[in-house]
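Here are the chains, one letter per residue:
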Amino acid sequence: MEEELRCYVCKEFYREPVLLPCGHALCRICAANLQTHVHETDNASAVSSDYQEADKASVSSETDSGVVCGSRPNSYAGTPAAPIYPTASFSLVCPVCNKQIYLDDNGADGLPPFRVMRTIVERFGGVNIAPPAEEACQMCEGEKRAAVVRCEQCSVRYCASCRDAWHPTRGPLAQHELRALGTTCVDHGSTPVLYCNTCLIPICQRCLAERHSNHETQPLSNAARAHKTDLSQSLQQLSEEAKAVTEYIQLVKGSGEKVNDSCEELERQIDQACSEITRAVERRRDELVRAARHTRTQAANNMRSLTAHAAQKLREATALLHFSIEALKETDHAAFLQVGNILSARAQETATGLRDSLESPPSPPALTLDIEPVLRTVKTMNFIECIPPGAPEMAVEACAARGCSCTLAWRPPVAPHSVRGYILELDDGLGGPFREVYCGRETVCTVDGLHYASLYSARVKAFNGAGEGPYSEVIGLQTSPVAWFSWDARCAHAEGGLALGADGLSARAAGWQPRVVVADQPLARGVHYWRLRLDHYDGDADPAFGIARADVAKDKMLGSDALGWAMYIDGVRSWFVHGGAHGGRAAGGVASGATVGVLLDLTRGTLRFTVDDRPQGDIAFTGLRGAFYPAVSLNRGVAITLQPGLPPPPDLLMSNLSIE
């Protein structure tokens, strides 16, 4: 706690401490030495720019810090000086946070006394701080002591000793009113009894009537109790963080012993291996020993640095902890409220960043020697890995699934494990066994060709010369619920009169021979619905719509072989076609501008068709399993446009459920 009790400038125990608006303390003499005179030419810019940011910079706002740096030398209680003084006579820069502070004509003498600091310094620092003249006993001879009471009739301040000696509570003086001294209202001289929640300052009854009648207030003791509760909670968090840092220091020291033991064992292995080889290897042995000792030296230096850093952080946190605990003992509520919020904020800030500033403790070097090939490869003798690497960490924020592909990223295992490569594994999207999809040194991989509407699980592990490490945590990636595809550009047939649009969605046929067009992506899982709009149809063509396998015949009507499932339709009726067999005739045809819909339900293995979103016949085909490509066969000037990734008509889904 001693660090909190010493002035940042003179490094001595605080003497007549004052509180700056930024929340830091200085000796009044040190503050006076730091202040500089503000020239008249600087006042215009100070008023127009700096004072516009006064509240933001905590320069002279009572609502910000509870402190007014105006001509109020002995108290912070009361209402803000309004308006803010038009010119600044002095300024100083806080040596702790480098904030610029502007002062009026009183300069550093106008800064409020830091009562809590003075009390704690006297209690633990063994230093008797002379109080300001306006707070000193008027009856003491020699060294002045702080007054504790003031007689309203005698108008004299007394310390405890002088009160007992010169103003006893008996005889003719028994009727005098002795008022306990403490923080007083600078405007009215009375003791604050309320706390304004709007202005965040203690006020007296007259302040309430004059300036704070419309503000929310509460008893001063209640406000102090609430602020002490907040500070206590912050200190509890700080105490837990300090305990964690203490455990961290012990962990670092324990790691040092392991590092020493490991390095000693490494030296023993080196000596034993080098004793079995020739004199030429002796020179290599010396190099390896020096390398091992250098490792230990580096580790020791690193441990000393980590320990010193952690110890310094712990000292700072402990000092703040003890100082704040002592501040909680302050009986003068107004004096405590002067600093309660500041200490609470410091405690929270320190507790939040305490462990974040610490580095991981060093680990023993994972090294050993393999002497088998030494006699053959003396010049290449070196350390090898003795343990497999740890588990990589999935970089979840960089993983994503788009369409039927996914991108996965991960972070290397924590040092000192060396890594030669990674193995990425995915399941089948249905909770099945994992399979390897990537092996290499990169930490980012994109996997294509996945199924739509599937939830894939992924994991990764690292490997080196000693073997494979453990798997990372498993993460899930959901592919797109609907399929987005276009026509395969390889299906365009210039001689056969089949042309595809630049967007990959439109197709037109000019010849008499039917030509089959398939999509560029297969569908193997989920429910998919797409439409084909007839941009041109003259009534003599034979279009067929449906699905096909990858190697379906491209020069026949779709459905003519066993690899296509289709619906042939003309202007008045339709048939279902598969393997050259027709069936399921239904009334109703198409014309230019009509749309033919295809509903492929791979969950149930069924295929249905619609015309203008109305069912065309019953379920056309069942028992469909595997991967299918959306397909169409065109001839005689038929032009169509593909509309993929559509939600199926609700009536069609309900009819599927009814049939099922």
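Residues numbered from 1 in each chain as written. Predicted model: local features only at pLDDT ≥ 70, side-chain atom pairs only at ≥ 80, totals over all residues. Heavy atoms only, no water.

1. Side note on the overall build of the protein
For clarity, the threshold we go by: Only DSSP runs of H or I with at least four residues qualify as helices, and only runs of E with at least two residues qualify as strands; both kinds are numbered from the N terminus onward. Under the scheme applied here, a residue whose accessible area is under 20% of the maximum for its type counts as buried, over 50% as exposed, and between as partly exposed, the area being computed with a 1.4 Å probe on protein chains only. Whether two residues are in contact is decided by their heavy atoms, any of which lying within 4.5 Å being enough.
Across its full length, the protein holds 13 helices and 35 strands. Counting across all 660 residues of the protein, residues that qualify as buried make up 46%. The contacts of the protein with a sequence gap of at least 6 include a subset with a gap of at least 24, amounting to 62%.

2. Considering the sheet that holds strand 4 (residues 90-93)
In sheet architecture, strand pairing relies on hydrogen bonds along the backbone and comes in two forms, parallel and antiparallel. Stated formally: Note on pairing: DSSP must find at least two bridges between two strands before they are called paired.
Across the sheet, which stays open at both edges, the three strands sit in the order 3-4-5 with antiparallel pairing between neighbours. At either end of the open sheet lies a strand with only one pairing partner, and these are strand 3 (36-37) and strand 5 (100-103).

3. Side note on the confidence of the model for the protein
Here is the rule: A score between 0 and 100, pLDDT records how confident the predictor is in each residue.
Residues with a pLDDT of 70 or more make up 85% of the protein, whose mean pLDDT is 81. Within the protein, the element-level pLDDT minimum falls on helix 5 (residues 62-65), averaging 34, and the maximum on strand 27 (residues 544-548), averaging 96. Under a pLDDT of 50 for its full length, residues 46-85 has, in the predicted model, 110 contacts with residues more than four places off or in other chains.

4. Digging into the sheet that holds strand 10 (residues 201-203)
Inclusion rule: Here an axis means a line fitted to C-alpha atoms, over the contact stretch when the element is a helix, while the angle between two N-to-C directions is reported on a 0 to 180 degree scale.
Strand order in the open sheet formed by three strands is 10-9-11, and the pairing between neighbours is antiparallel. Single-partner strands in this sheet number two, and they are strand 10 and strand 11 (217-219). With direction set aside, neighbouring strand axes in the sheet form an average angle of 35°. When strand 9 (residues 194-196) meets strand 11, the two strands line up antiparallel, connected through three bridges. Opposite Cys196, over in strand 11, you have Thr217 as the bridge partner.

5. Digging into the environment of Ala489
Turning to its location among the elements, Ala489 is positioned in the loop between strand 22 (475-478) and strand 23 (498-500). For the pair Ala489 and Asp520, spaced 31 residues apart in sequence, the C-alpha separation works out to 7.9 Å.

6. Section: the nonpolar core
Generally speaking, nonpolar side chains in soluble globular proteins are found buried as a group. This is how it is decided: For our purposes a nonpolar core is just a set of buried Ala, Val, Leu, Ile, Met, Phe, Trp, Tyr and Cys residues, chained together by side-chain atoms within 4.5 Å.
In this structure, Trp530, Leu532, Leu600, Leu607 and Ile640 are the most contacted members of the largest nonpolar core, which totals 54 residues. No other element matches strand 28 (residues 564-569), which puts five residues into this core. Those residues within four positions of Leu532 in sequence are excluded, and the remaining contacts are Trp487, Phe545, Ala594, Thr595, Val596, Val598, Val632, Ile640, Thr641 and Leu642. In this structure, Cys27, Leu235, Val339 and Ala351 belong to the second largest nonpolar core, which totals 52 residues.

7. Observations concerning helix 12 (residues 340-353)
What counts, and what does not: A helix's residues, less one, multiplied by 1.5 Å, set its expected span.
Over its 14 residues, helix 12 runs 20 Å from end to end, which matches the ideal 20 Å to within 8%, given 1.5 Å per residue. Buried within helix 12 we find Gly340, Ile342, Leu343, Ser344, Ala347 and Ala351.

8. Concerning unusual backbone geometry
Unlike most non-glycine residues, Ser155 shows phi in positive territory, near 55°. With respect to the helices and strands, Ser155 occurs in the loop between strand 6 (149-151) and strand 7 (156-158). On the basis of relative accessible area, Ser155 is assigned to the partly exposed category, the value being 40%. Phi is positive for Ala453, close to 55°, though the residue is something other than glycine. If you trace the backbone, Ala453 turns up in the loop between strand 19 (444-447) and strand 20 (455-464). Overall, the relative accessible area of 32% leaves Ala453 in the partly exposed class.

9. Some details on a nonpolar patch on the surface
This is how the line gets drawn: Each patch is assembled from residues with relative accessible area greater than 30% and no salt bridge, linking like charges that lie within 9 Å and nonpolar side chains (Val, Leu, Ile, Met, Phe, Trp, Tyr) that lie within 5 Å. Only the protein chains shown count as cover for residues, and all accessible areas are computed by the Shrake-Rupley method using a 1.4 Å probe. For this document, the term salt bridge refers to a Lys or Arg side-chain nitrogen within 4 Å of an Asp or Glu carboxyl oxygen.
On the surface, Tyr8, Val9, Leu34 and Val96 cluster together into a nonpolar patch covering about 310 Å² of accessible area. Locating Val96 in the fold gives a position in the loop between strand 4 and strand 5.

10. Remarks on the pattern of salt bridges
Within the structure shown, the criterion is met by 17 salt bridges. Its salt-bridge partner being Glu210, residue Arg211 comes within 3.7 Å of it at the nearest N-O pair. Given the relative accessible area of 46%, Glu210 is considered partly exposed. The partner of Arg293 in a salt bridge is Glu267, with the nearest N and O atoms 3.6 Å apart. Separated by 26 residues along the polypeptide, Arg293 in helix 10 (residues 279-328) and Glu267 in helix 9 (residues 220-274) bring together distant segments of the chain. Residue class for Glu267 comes out buried when judged on its relative accessible area of 13%. Each of Arg206, Glu210 and Arg211 takes part in a single network of salt bridges with overlapping partners.

11. Some thoughts on the side chain of Arg525
Note the threshold: Residues scored as positive are Lys and Arg, those scored as negative are Asp and Glu, and His as well as the terminal groups of each chain are ignored. We call two N or O atoms a polar contact when they sit within 3.5 Å, provided that within protein one can donate a hydrogen and the other can accept it, with sequence-adjacent residues counted only if both atoms are side-chain atoms.
Take Arg525: it is sitting in the loop between strand 25 (515-518) and strand 26 (527-536). The side chain of Arg525 is buried and forms no salt bridge, while Asp428, the nearest opposite charge, is found at 5.5 Å. A distance of 2.9 Å separates a polar side-chain atom of Arg525 from the backbone oxygen of Asp428. One polar contact links Arg525 to Ser454, side chain to side chain, over a distance of 3.0 Å. If we ignore the near neighbours within four places in the chain, the residues touching Arg525 are Asp428, Gly429, Leu430, His451, Tyr452, Ser454, Tyr456 and Leu602.

12. Focus on the packing of aromatic side chains
Centre-to-centre distance and the angle between the planes together describe a pair of aromatic rings. Spelled out, the test is: Two aromatic rings from Phe, Tyr or Trp, using only the six-membered ring of Trp, form a pair when their centres are within 6.5 Å; if the ring planes differ by under 30 degrees the pair is stacked, by over 60 it is edge-to-face, and anything between is tilted.
The tally for this structure, following the rule as stated, stands at seven aromatic pairs. Here the aromatic rings of Tyr568 and Trp575 are separated by 5.4 Å at their centres, their planes lie at 20°, and the arrangement is stacked. As far as burial versus exposure is concerned, Tyr568 and Trp575 are alike and both buried.

13. Digging into the side chain of Ser405
Relative to the elements of secondary structure, Ser405 occurs in strand 16 (residues 405-411). Apart from the residues lying within four places of it in its own chain, the contact partners of Ser405 are Val447, Asp448 and Leu450.

14. Here we look at the state of the cysteines
Rules: When two cysteine sulfur atoms are found within 2.5 Å, that pair is recorded as a disulfide.
All told, the structure shown has zero disulfides when counted by the stated rule. No disulfide involves Cys27; its sulfur sits 3.9 Å from the nearest other cysteine sulfur, which is in Cys7.

15. As for the pairing of strand 32 (residues 606-611)
When you tally the buried positions in strand 32, you get six out of six residues, the bulk of the element. Pairing between strand 31 (residues 595-601) and strand 32: six bridges, direction antiparallel. What sits directly across from Val596, in strand 32, is Val611. Connecting strand 31 to the next strand, strand 32, in antiparallel fashion are four residues, including Gly605 with a positive phi near 75°. Sheet topology note: the strand 32/strand 33 (residues 614-615) ladder contains two bridges and is antiparallel. Residue pairing for strand 33: Val611 is matched across the bridge by Arg614. Between strand 32 and strand 33, which pair antiparallel one after the other, the connecting turn spans two residues, and Asp612 there sits at a positive phi close to 55°.

16. Some words on the environment of Cys185
Here Cys185 lies in the loop between strand 8 (178-180) and strand 9. Sequence separation between Cys185 and Gln205 is 20 residues; the distance between their C-alpha atoms is 9.9 Å.

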